[in-house]
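Examining the three-dimensional arrangement
Okay, here's what each chain looks like letter by letter:
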Amino acid sequence: MKKTITFLVLLSLVFASCKTKELATPIQRQFPGTDEILRLTRETELNLIGDDFHINDFEIINAKQEGQWLVFETVYSGGCESHFFQANWDGRIMKSLPPQTNVIIVHQHKPDSCRERITKKWAVDVRPFFERGESEVLLNLMSSDSNICKVRLVAVE
């Protein structure tokens, strides 16, 4: 009797573990601890530039790699109007040791009379920087008003 019960318990564990494996599919979700994930773009897709839009009055205060993500913080003043951020990359990797690339963060917004200091945390997927087989890339994270933050990125499996 003990052998039969033991066999049934082991058999149920095998079937339960198989079901768990079938249901364990990766779920795409926002990187924890960030306000938003920015997609790398090649051109300005927001296309909000005009007389009533301001560009780039912000600062990048820190940046680091966390797994497949580049996580960085920005500070800007506002609070009354919508603010849009975008990560522009031209797809080029410079031939240097280590290879380097530039990503320009663009901040666009309408005139904002509020003066609250807003800090936001962003994430950008770093995998496109390693598509040519580099194991390490020095990223120059820039705003167009020459605020540069250098981050050494390492390829992730």
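Scroll up to find the structure.
Okay, so let's go over this structure. (Residues numbered from 1 in each chain as written. Predicted model: local features only at pLDDT ≥ 70, side-chain atom pairs only at ≥ 80, totals over all residues. Heavy atoms only, no water.)

What follows is about the state of the cysteines. Summed over all chains, the structure comprises 1 disulfide. Residue Cys-80 pairs covalently with Cys-114 via a disulfide, S to S 1.5 Å. In this pair, Cys-80 is assigned in the loop between strand 5 (69-78) and strand 6 (83-88) and Cys-114 in the loop between strand 7 (100-109) and strand 8 (116-125), connecting sequence segments 34 residues apart. Judged by relative accessible area, which is 45%, Cys-80 ranks as partly exposed. (Disulfide = S-S within 2.5 Å. Helix = DSSP H or I, 4+ residues; strand = E, 2+ residues; numbered from the N terminus. Buried < 20%, exposed > 50% of the residue type's maximum accessible area, 1.4 Å probe, protein only.)

Let us look at unusual backbone geometry. At the junction of Leu-97 and Pro-98, the peptide bond is cis and its omega measures out at -10° in the coordinates. Along the chain, the position of Pro-98 falls in the loop between strand 6 and strand 7.

Okay, the sheet that holds strand 5 next. Sheets are built from strands that pair by backbone hydrogen bonding, the pairs being arranged parallel or antiparallel. Here we have 4 strands laid out as an open sheet, ordered 1-8-5-4, and mixed in their pairing. A single partner strand is all that each edge strand has here, and the edge strands are strand 1 (36-38) and strand 4 (58-66). Strand after strand, the sheet turns through a mean of 30° between neighbouring axes, direction not considered. (Pairing = 2+ DSSP bridges. Axes fitted to C-alpha atoms, helices over the stretch in contact; angles between N-to-C directions.)

Turning our attention to the side chain of His-83. By secondary structure assignment, the location of His-83 is in strand 6. Looking at His-83, its side chain comes within polar contact range of the side chain of His-107, at 2.8 Å. Separated by 2.8 Å, the side chains of His-83 and Asp-112 make a polar contact. Every residue in contact with His-83, bar those within four places of it in the chain, is listed here: Tyr-76, Ser-77, Gly-78, His-107, Gln-108, His-109 and Asp-112. (Polar contact = N/O pair within 3.5 Å; in protein donor to acceptor, adjacent residues only side chain to side chain. Contact = heavy atoms within 4.5 Å.)

So, about the nonpolar core. The biggest cluster of nonpolar side chains holds 25 residues, and the ones touching the most others in it are Leu-70, Phe-72, Val-103, Ile-105, Phe-129, Leu-141 and Leu-153. Among the secondary structure elements, those contributing two or more residues to this core are strand 4, strand 5, strand 6, strand 7, strand 8, strand 9 (136-143) and strand 10 (148-154). Beyond its immediate stretch of four places on either side in the chain, Phe-72 contacts Leu-38, Ile-60, Asn-62, Ala-63, Ile-105, Lys-120, Lys-121, Trp-122, Val-124 and Leu-141. (Core = buried A, V, L, I, M, F, W, Y, C linked by side-chain atoms within 4.5 Å.)

So, on to the side chain of Asp-112. Along the polypeptide, Asp-112 turns up in the loop between strand 7 and strand 8. Lacking a salt bridge, the buried Asp-112 has Arg-115 as its closest oppositely charged neighbour, with an N-O distance of 6.0 Å. Within the structure, Asp-112 has its side chain in polar contact with the backbone nitrogen of Gly-79 (distance 3.0 Å). What Asp-112 contacts, discounting residues up to four positions off in sequence, is Gly-78, Gly-79, Cys-80, Glu-81 and His-83. (Lys, Arg positive; Asp, Glu negative; His and termini not counted. Salt bridge = Lys/Arg side-chain N within 4 Å of Asp/Glu carboxyl O.)

Per the stated rule, a full pass over the model turns up 4 aromatic pairs. Both rings, one in Tyr-76 and one in Phe-85, keep their centres 5.4 Å apart while their planes meet at 45°; by these two values the pair is tilted. Judged by relative accessible area, which is 10%, Phe-85 ranks as buried. An angle of 85° between the planes, with centres 4.8 Å apart, marks the rings of Trp-89 and Phe-129 as edge-to-face. A residue pair is termed long-range when its members are at least 10 positions apart, and Trp-89 in the loop between strand 6 and strand 7 and Phe-129 in the loop between strand 8 and strand 9 qualify at 40 residues. A residue is classified by how much of its surface remains accessible, and Phe-129, at 1% relative accessible area, is buried. (Phe/Tyr/Trp six-rings, centres within 6.5 Å; stacked < 30°, edge-to-face > 60°.)

Note that all results are geometric; they support no functional claim without further evidence.
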